[in-house]
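# Overview (structure and organization)
The residues making up each chain are set out below.
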Amino acid sequence: MPTILDIRHVSKFFGGLAANSDVSFSVEQGMIMGLIGPNGAGKTTLFNCITGFYPPSRGDVLFKGVRTNGLQPNQMCHLGMVRTWQKVRPLAKMSVLDNVMVGALARTTRLEVAREVATAQLEVVRLAHKAGAIAGGLPIGERKKLEVARALATRPALLLLDEVMGGLNPAESEEIIQLILELKRSGLTQMVIEHDMKAIMRISDRIVVLNSGEKLAEGEPQQIVNDKAVVAAYLGEEVA
Amino acid sequence: MNRRPPPVLRPRGVAALELVLFAAAVIALWCVPVFVKKPYVLHMGVILFLAVIQGQAWNVVGGYAGQYSVGHAAYFGVGAYTTMMLLELHHIAPWWGLGAAIANGVLLSLIIGTITFRLRGPYFVLASISMAEILRYAFLYYKDLTRGAEGFLLSEIPTLHLFGQEFEFVTKRPFYFVTLGLAAITIVANHLVQHSKLGYYFQAIREDQDAASSLGIGLTLYKSVALAISAAFTALSGGIYAMFVKFIAPDLVFGIDVSVQFVLICIIGGIGTIYGPVIGAMVLVPLSEVLRNPRGLVQVGLASPDSSFVQFVEAHLSNAHLLVYGVLVVVVILFAPDGVLGLLRRAGARLRRRREAQGEAGAAGA
Amino acid sequence: MVAFAQSVPGAVLILGGGVPALAGTELGPRMMVFLQSVLSGVLVGGVYALIGIGLTMIFGVMRVTNFAHGELVMLGMYLTWGLFHWLRLDPFLSIVLVAPALFLWGAFLQRAFVNRVLDALPQNQILLTIGLGLVMSNGVMLAFTSDYRILTTSYSSASYDLAGISVSKPLLYAFLVTVAITVLLYGFLLRTDTGQAIRATAQDREAAQLMGINVRWTSMLAFGIGAALAGAAGALISPTYYIFPQVGSAFTLKAFVIVVLGGMGSVVGATLGGVIIGLTESLAAVYIAGGLKDLVVFVLFLALLVFKPSGLLGKTRA
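As a further point, take the overall build of chain C. What chain C contains, in helices and strands, is 12 helices and 2 strands. Listed by position from the N terminus, the elements making up chain C come as α-α-α-α-α-β-β-α-α-α-α-α-α-α. Of all 318 residues assigned to chain C, the portion counted as buried reaches 51%. Pairs at least 24 residues apart make up 77% of the contacts formed inside chain C by residues separated by at least 6 positions.

Okay, here's the thing in structure tokens:
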């Protein structure tokens, strides 16, 4: 499988503090890449560096073989990379359908087309019955789904999910897991930050572990579970 | 934050009805001068229509795109001065001058946008105010170009020859028709913009800039487009205003109270709605015009010349008509942050709920 | 702008080596002009600082940008004028009455209006305070008309001669009182429990609340103090400024420039910012043009907003 995202020696400093230092890995087309690590490990910062919200302090991000450092988030979106937010960001006063239409309008200027795409995406995340509701009034589980639908409506080649299961009950989480797997079957590449270990082990093809901003380990879920360093730094802490 | 959301999905019939009502209202207003000849009424009409244009204009960038400019006097003043100076210094007729006013307004918006759109929240508000203030001071200072505080007095508007007819701009009548027509055009234009990709993008920016950006919206580009549209209409209203009142000076057209007034028109009616500025203008303009010149009421026959109200207003309030603006802002922000439209909507929702509750009670009883 | 840019490097040089030479009075006329404008800039800047400190405290504690701040200064000016006009009370003495009066007024405004919009959108807070400002300025206009008033004391145009540099007496007094008030305020903020509570609230409202600080009371107090400082500043400048209802808006904008310059919420920053703005105005008036000094201030302000929005003392955003 060809590589879609290549992260080469990416570092991000805030003042003197390194939120990411010298992180390298690559994501192949069609796979689900898990990104885990304790709180403050620099996962979300890495997402921000990849999606254009921060320029990396050092290193390069290559998306579809093109160096994308310094591009803005909206440009990344047009290249085919979109992210969701750990703390959901619905366009609160707009309807659910309008939220998703905003995503769809990245690929069209015609409202009818956008409306069709948006309606279809709402079906995919099973939120069609809430199309007319105001986004700000949705419960958390549906807001998370809305985030995913809105991102999908931009027709991404790579979807970055930032703790999309955070704060959900087991049934809702299971629904999201099924959705992620369904999207994978349809050929979408995904990179997932998640705290729920069981979930991430289930869905990921490969996993990168970050700790204190550095890459601690990388491998298939089974390797990660058995990695001594990971167990010591992260999983051990969870078990204990 | 527990504001009740407006209903989103509206049946198609409502839209058609809306269009008919809108057309009827415009036609009715068009016929008013046939029956009413009193200059005061026409004067009020012109100021009202200008306020509608200004409110709609501010609404594009402030209400829909969420960029709270309190410096729109910059575009208003530039429009007024462009039209006035072209006419007085170069004898260029205002119908060409207004085009230049719009061009200058848009140009200025691009400059101001480049500088201020990196800023958010109070910083953006401050920067927008500063821009208008810089222009005010510059127009006061560079007297050789602008005549400074002395300002410009309009001498005469040339006769317009169009379709083999002659149009004189001496009385208030022609201004009435021009501003009514432009106000209607502004409303329609705004409606079209809001029901297009642009409108969706503006609202997305208002709701959450980071989310909007991640969804492919170029923030600076779309904010600039919103500001340019807004500046164009504001500059247009400035040019017409200059021709109508026939005198402009820096403090009059670049003052911060001018900018505040534009915001007020929207916030009183309801920010980010098509009819909000219309309602806001209908509340604000009669109020401030009556306070400014209570003799008008006498002229219309609503008050007798020796009425104590007229005398009181004339003696005390006509200098301080902004006092009413101040009270209005405070009251609206505290008690009706979504404006008159928000109030109506809430009242409607309450009524509907009561009816539903009654219906349920009736059903339970049966 | 060119003239200004040229004058700045010179300024640094002269200040660096020129101060001891003051005693010798071997200064050329150009240097005298320069020193003169620096001095009056610092004196006026002190009073500006007072206005800025009040605004920055209000912002720090409540995160509300008070667009009616200049109107509070204006009220202070009118109160001082009234006390002088009817009771022959010296403007510098009247501070003892004006500051407490404005304190109460500010606390009232906070309690009755501002307190209700603490959780509202920032733009609504801004509009509310703009509205309050309009009410104040136009209310005063109703009572006193829009005529310009002048408060003339026996020393209004008197000055001391300091080695050839004239020092305006009212400005000097104003500066000295400002320094005294600022010292008292710093002492209050650093040494007293109430002052600590205000600083804690400014740093983190929620944490302060958790620690048992009465945030509502603190907010009212901060608004009151801010208003009192603005009123005191109004009293201090009343002998040297025209007094009219609309004078406030210029001070509001100036106060914002000062506060942004020093970093929103920083009292030390506002002190420094005030002096810098006073200096800028004074130097711009001499070296560019009197009519352009406000314009220069706003241009600098915009440049600052764009290039260093966290203020001169603040950390640059990542």
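Okay, back to it.
To continue, consider the environment of Ala211 of chain B. With respect to the secondary-structure elements, Ala211 of chain B resides in helix α9 (residues 209–214). Classification of Ala211 of chain B by C-beta neighbours within 10 Å gives buried; the count is 25. In this structure the C-alpha to C-alpha distance between Ala211 of chain B and Phe152 of chain B, which are 59 residues apart in sequence, comes to 47 Å. Ignoring anything within four residues of it in the chain, the contact list for Ala211 of chain B reads Arg89 and Leu91 of chain A.

Our focus in this paragraph is the domain arrangement of chain B. Residue and element names in this part refer to chain B. In terms of domains, chain B is made up of domain 1 (36–272) and domain 2 (336–366). Domain 1 and domain 2 are separated by 39 Å when their C-alpha centres are compared. Each side of the interface is counted separately: domain 1 has 5 residues, and domain 2 has 5 residues. For the side of domain 1 that touches domain 2, a count of residues per class yields 3 nonpolar, 2 polar and no charged.

Once that is clear, we can look at the interface of chain C and chain B. A common way to state how big an interface is: give the accessible area lost once the parts meet. In this complex, chain C contributes 38 residues to the contact, which on the side of chain B involves 35 residues. For the side of chain C that touches chain B, the elements supplying multiple residues, two or more each, are α5 (122–144), α10 (247–262) and α12 (293–307) of chain C. For the side of chain C that touches chain B, the leading source of residues is α5 of chain C, giving 15 residues. Considering only residue class, the side of chain C that touches chain B consists of 26 nonpolar, 10 polar and 2 charged.

What follows covers the interface of chain B and chain A. On the chain A side, the residues contacting the 19 residues of chain B number 27 residues. Among the elements of the structure, α8 (197–207) and α9 of chain B are those that each provide at least two residues to the side of chain B that touches chain A. Looking at the side of chain B that touches chain A element by element, the count peaks at 6 residues for α8 of chain B. Residues of the side of chain B that touches chain A, tallied by class, amount to 9 nonpolar, 6 polar and 4 charged.

Looking now at the pairing of strand β3 (residues 32–36) of chain A. All names here are of chain A. Among the 5 residues that make up β3, 5 are buried, leaving the element largely enclosed by the rest of the structure. Every second residue of β3 is oriented toward a common face, with Ile32, Gly34 and Ile36 on one face and Met33 and Leu35 on the other, all of them buried. In terms of strand pairing, β3 meets strand β8 (residues 189–193) through 4 bridges, oriented parallel. Within β8, the position partnered with Met33 by the bridge is Met191. Bridge count for β3 against strand β9 (residues 206–211) is 4 bridges, and the pairing is parallel. For Gly34, the partnering residue across the bridge sits in β9 and is Ile207.

Before going further, it helps to examine the confidence of the model for chain B. Mean pLDDT for chain B: 85, with 92% of residues reaching 70 or above. Low pLDDT, under 50, characterises residues 1–9 of chain B; the stretch is placed with 11 contacts to residues that sit more than four places away or in other chains.

In this section: the nonpolar core. With 281 residues, the main nonpolar core has Val329 of chain B together with Ala232 of chain C as its most contacted residues. Discounting residues that sit within four places of it in the chain, Val329 of chain B has contacts with Leu264 of chain B together with Leu127, Leu128, Ile130, Gly131 and Leu134 of chain C.

Before going further, it helps to spend a moment on the pairing of strand β4 (residues 58–63) of chain A. All names here are of chain A. Both strand β1 (residues 3–14) and β4 contribute to a ladder of 5 bridges, which runs antiparallel. Among the inter-strand pairings, Arg8 is bridged to a residue of β4, identified as Asp60. Here β4 runs beside strand β5 (residues 66–67); their pairing, made up of 2 bridges, is antiparallel. What sits directly across from Leu62, in β5, is Arg67. As consecutive antiparallel partners, β4 and β5 are separated by 2 residues, and within that stretch Lys64 has a phi angle of approximately 50°, a positive value.

Now for the packing of helix α7 (residues 173–194) of chain B against helix α10 (residues 219–245) of chain B. Residues and elements named next belong to chain B. With their axes 12 Å apart at the nearest point, α7 and α10 run at an angle of 175° to one another. Here α10 runs roughly antiparallel to α7, going by the angle between their axes. Between α7 and α10, the contacting residues are Phe175, Val178, Thr179, Leu182, Thr186 and Val193 on the first element and Ile229, Phe233, Leu236, Ile240 and Phe244 on the second. Residue composition of the contact of α7 with α10, grouped by class: 9 nonpolar, 2 polar and no charged.

Residues and elements named next belong to chain A. Taken in spatial order, the 4 strands line up as β2-β1-β4-β5 in an open sheet, and their pairing is antiparallel. Unpaired on one side and paired on the other, β2 (17–28) and β5 mark the two borders of the sheet. Against the sheet, helix α1 (residues 43–51) makes contact with β1, β2 and β4, and its axis sits at roughly 65° relative to β2, the strand it touches most.

Another aspect to go through is α7 of chain B. For an α-helix, the turn length of 3.6 residues means that residues three or four places apart are oriented alike. Compared with the 32 Å implied by 1.5 Å per residue over 22 residues, the 32 Å span of α7 of chain B between its first and last C-alpha is a close match. Looking at α7 of chain B, one finds that the buried residues are Phe175, Tyr176, Thr179, Leu180, Leu182, Ala183, Ala184, Thr186, Ile187 and Asn190 of chain B.

All names here are of chain A. Spatial ordering of the open sheet is given by β6-β7-β8-β3-β9-β10, a layout of 6 strands whose pairing is mixed. For this open sheet the edge positions go to β6 (81–83) and β10 (214–219), each flanked by a neighbour on one side alone. The sheet shows a mean angle of 15° between the axes of neighbouring strands, direction not considered. As defined by bridge partners, strand β7 (residues 158–162) adjoins β8 across 5 bridges and the pair is classed as parallel. Considered in β8, the bridge of Leu161 is made with Val192.

Residue and element names in this part refer to chain C. Relative orientation of the contacting elements helix α2 (residues 29–62) and helix α6 (residues 169–191) amounts to 40°, with a least axis distance of 9 Å. Classed by the angle they form, the pair α2 and α6 counts as oblique. Like other packed secondary-structure pairs, α2 and α6 cross with a definite hand, here left-handed. Where α2 approaches α6, its residues Ser40, Leu43, Val44, Gly46, Val47, Ala49, Leu50 and Ile53 are matched on the opposing element by Leu171, Leu172, Ala174, Phe175, Thr178, Val179, Ile181, Thr182 and Leu185.

The next thing to look at is unusual backbone geometry. Residue and element names in this part refer to chain A. Despite not being glycine, Arg126 shows a phi value in the positive range, around 60°. Structurally, the position occupied by Arg126 is in the loop between α4 (111–124) and α5 (140–152). If you check the backbone angles, Glu163 has positive phi at about 50° while not being a glycine. With respect to the helices and strands, the residue Glu163 is situated in the loop between β7 and α6 (170–185).

Each value, and the rule that gives it
Sequence positions are assigned chain by chain, starting from 1 and proceeding in written order. Here chains are named by letter from A upward and ligands by number from 1 upward, in the order in which they appear as written. Confidence filtering applies because this is a predicted model: local features only for residues at pLDDT of at least 70, side-chain atom pairs given and counted only at 80 or more, and all residues used for totals across whole chains, interfaces and linings. Strands here are runs of E lasting at least two residues and helices are runs of H or I lasting at least four, both read from the DSSP assignment and numbered beginning at the N terminus. To assign burial, the other C-beta atoms lying within 10 Å of each residue's own C-beta are counted, with C-beta atoms placed from the backbone; 20 or more indicates buried, 12 or fewer indicates exposed, and intermediate counts indicate partly exposed. A pair of residues counts as a contact when their C-beta atoms, built from backbone coordinates, are separated by no more than 7 Å. What fixes the domain bounds is an automatic or database domain assignment. Three residue categories are used. Nonpolar comprises Ala, Val, Leu, Ile, Met, Phe, Trp, Tyr, Cys and Pro, charged comprises Asp, Glu, Lys and Arg, and polar comprises the others, including Gly. Should DSSP find at least two bridges between two strands, the strands are regarded as paired. The quantity known as pLDDT measures the predictor's confidence residue by residue, on a range of 0 to 100. Only buried residues count toward a nonpolar core: Ala, Val, Leu, Ile, Met, Phe, Trp, Tyr and Cys, linked into one set through C-beta atoms within 7 Å. Whenever a helix is involved, its axis is fitted only over the stretch in contact; in every case the axis is a line through C-alpha atoms, and angles between N-to-C directions fall within 0 to 180 degrees. To sort the angles, those under 35 degrees are grouped as roughly parallel, those over 145 as roughly antiparallel, those from 65 to 115 as roughly perpendicular, and the leftovers as oblique. To estimate how far a helix should extend, the number of its residues minus one is multiplied by 1.5 Å. Two helices that cross are described as forming a left-handed crossing if the nearer one is turned anticlockwise from the farther one by less than a right angle, and a right-handed crossing if clockwise.

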